[in-house]
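Overview (structure and organization)
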Protein chains: 2
Amino acid sequence: MEGLKRYIREIPDWPKPGILFYDITTLIKDPVGLHHCVDALANYYVGRLIDRVVGVEARGFIFAPMVAYRLNAGFVPVRKPKKLPAETTKVSYSLEYGEDALEMHRDAITLGQEVLIIDDLLATGGTAAAVAQLVESQGGHVAGLGFVVELDFLKGREKLTKYKVHSLLHYDK
Amino acid sequence: MEGLKRYIREIPDWPKPGILFYDITTLIKDPVGLHHCVDALANYYVGRLIDRVVGVEARGFIFAPMVAYRLNAGFVPVRKPKKLPAETTKVSYSLEYGEDALEMHRDAITLGQEVLIIDDLLATGGTAAAVAQLVESQGGHVAGLGFVVELDFLKGREKLTKYKVHSLLHYDK
């Protein structure tokens, strides 16, 4: 999978000075990059029945539905508060500074369903842990979490020790 | 395709009083609904070479990448200003009240590429026309625009007469 790294564009000082940003848009604009990436995320779960794939707005909306399509599962969006039109379940979580919240439709996941969480990036793990909590609050079983890029040095995995975590690309700085 | 309508949830008075909202989350959480919908969007273009599929944040990010995957194309995100990390092209367009703007990476589409624009909803057509303008400003050829839901009574199609427009589901009110 490390070969996929050549499709990732590294952008220094974005979104703020001192941060090196791994830009996945150069990966997904390429048909070969897109296909390899989605298949690698999905193939890890082939042979297991996955009912729902969950993705978080906005970049998670790019990858999670493609994995859902590939695995013949349904897709469930997790959004910022007040964006979803029907009744929701909400979770609040801490950020570097302050708090944020995410919502999922209350009828999106039912008891005992196998749910995969897919996102572009595993950084500090706060968002991923919050999404897993949303899934479980609706009676879903978190079958795993899959990421395109994992920033190992931020130790997000330590917030997700209860779960199976699979990332395609690892970066140490 | 009209059979897909039974997967769409109708929500009165959302996001504001007097609006009937067509909720696609109930369509895409269902594996069969998701697959039928994506295949119907994509199959319309099978046999034509499509280089890139463009989608607009946030709900367009759900459908456009799946169609890109299905057609072996690349995916290009169009985002609100200052969200994309590299050099962008920007387009401003009028809303019901005020203005909005969208951006696309400058290197996302190259001269002569065949580009499909996919979104969940064709309403007044303002966003779709702006995205088509972005594609053309980079030398791309708009092969077509595909939508899951078209609100016929808003006449968005009249802003897109230069293009081939294909919607799966039509609503008259």
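Residues numbered from 1 in each chain as written. Chains lettered and ligands numbered in written order. Predicted model: local features only at pLDDT ≥ 70, side-chain atom pairs only at ≥ 80, totals over all residues. Heavy atoms only, no water.

Concerning the overall build of chain A
Each helix and strand counted, chain A has four helices and nine strands in total. Counting helices and strands in the order they occur from the N terminus, chain A gives β-β-α-α-β-α-β-β-β-β-α-β-β. Taking 16 Å as the expected radius of gyration for a compact globule of 173 residues, we find that chain A reaches 16 Å, a close match to that expectation. Along the three orthogonal principal directions, the C-alpha set of chain A runs to about 40 × 40 × 30 Å. For chain A, with 173 residues in total, the buried portion stands at 58%. In chain A, once contacts between residues fewer than 6 apart in sequence are set aside, the share between residues at least 24 apart is 57%. Roughly 7600 Å² of accessible area belongs to chain A as shown, and the carbon and sulfur atoms make up 52% of that amount. Distance from the positive charge centre (21 side chains) to the negative charge centre (22 side chains) of chain A: 1 Å. (Helix = DSSP H or I, 4+ residues; strand = E, 2+ residues; numbered from the N terminus. Rg over C-alpha atoms; globule rule 2.2 N^0.38 Å. Buried < 20%, exposed > 50% of the residue type's maximum accessible area, 1.4 Å probe, protein only. Contact = heavy atoms within 4.5 Å. Areas by Shrake-Rupley, 256 points an atom, 1.4 Å probe, with all protein chains shown as cover. Lys, Arg positive; Asp, Glu negative; His and termini not counted. Charge placed at Lys NZ, Arg CZ, Asp CG, Glu CD.)

Section: the pairing of strand β4 (residues 74-78) of chain B
Residues and elements named next belong to chain B. Extensive coverage of β4 is indicated by the burial of five of its five residues. Side chains Gly74, Val76 and Val78 project from β4 onto one buried face, and the interleaved Phe75 and Pro77 project onto a second face that is buried too. Of the strand pairs in this sheet, strand β3 (residues 52-56) and β4 are connected by five bridges, and their pairing is parallel. If you follow Val53 over to β4, its bridge partner there is Phe75. One crossover worth recording links β3 to the parallel β4 by way of helix α3 (residues 60-70), and it is right-handed. (Pairing = 2+ DSSP bridges. Right-handed = clockwise from strand over helix to strand, strands pointing away.)

Side note on the relation of the copies chain B and chain A
By a simple turn and slide, chain B fits onto chain A: the slide is 0.0 Å along the axis, the RMSD is 0.0 Å, and the turn is 180°. Here the symmetry operator amounts to a two-fold rotation axis. A share of 100% of the interface residues of chain B reappears at the interface of chain A, consistent with the copies meeting face to face through the same patch. (Least-squares fit on C-alpha atoms with pLDDT ≥ 70 in both.)

A look at the sheet that holds strand β8 (residues 141-151) of chain B
All names here are of chain B. An order of β4-β3-β7-β8-β9 is seen for the five strands of this open sheet, with the pairing classed as parallel. Each edge of the open sheet carries a strand with a single partner, namely β4 and β9 (165-171). Between one strand and the next, the sheet's axes are offset by a mean angle of 20°, whatever the strand orientation. In this sheet, β9 lies alongside β8 in parallel orientation, the contact comprising six bridges. Bridging across to β9, Leu151 finds its partner in Tyr171. (Axes fitted to C-alpha atoms, helices over the stretch in contact; angles between N-to-C directions.)

Description of the interface of chain B and chain A
In many analyses, interface size is given as the accessible surface area lost on bringing the parts together. Listed by partner, the interface residues are 41 residues for chain B and 41 residues for chain A. With both chains or domains summed, chain B and chain A bury close to 3300 Å², and 63% of this area falls on carbon and sulfur atoms. When the buried area of chain B at its contact with chain A is split by residue, Lys29, Tyr69 and Pro85 of chain B rank highest and sum to 24% of it. Our count for the contact surface shared by chain B and chain A stands at three salt bridges. Across the pair Lys29 of chain B and Asp107 of chain A runs a salt bridge, and its minimum N-O distance is 4.0 Å. Summed over the shared surface of chain B and chain A, the number is 20 residue pairs in polar contact (both at pLDDT 80 or more). Among the elements of the structure, β1 (9-12), β2 (20-23), α1 (25-28), α2 (31-43), α3 and β4 of chain B are those that each provide at least two residues to the side of chain B that touches chain A. No other element matches α3 of chain B, which puts seven residues into the side of chain B that touches chain A. Along the lines of polarity and charge, the residues of the side of chain B that touches chain A split into 22 nonpolar, five polar and 14 charged. (Buried area = accessible area lost by both parts, 1.4 Å probe. Salt bridge = Lys/Arg side-chain N within 4 Å of Asp/Glu carboxyl O. Polar contact = N/O pair within 3.5 Å; in protein donor to acceptor, adjacent residues only side chain to side chain. Nonpolar A, V, L, I, M, F, W, Y, C, P; charged D, E, K, R; others polar.)

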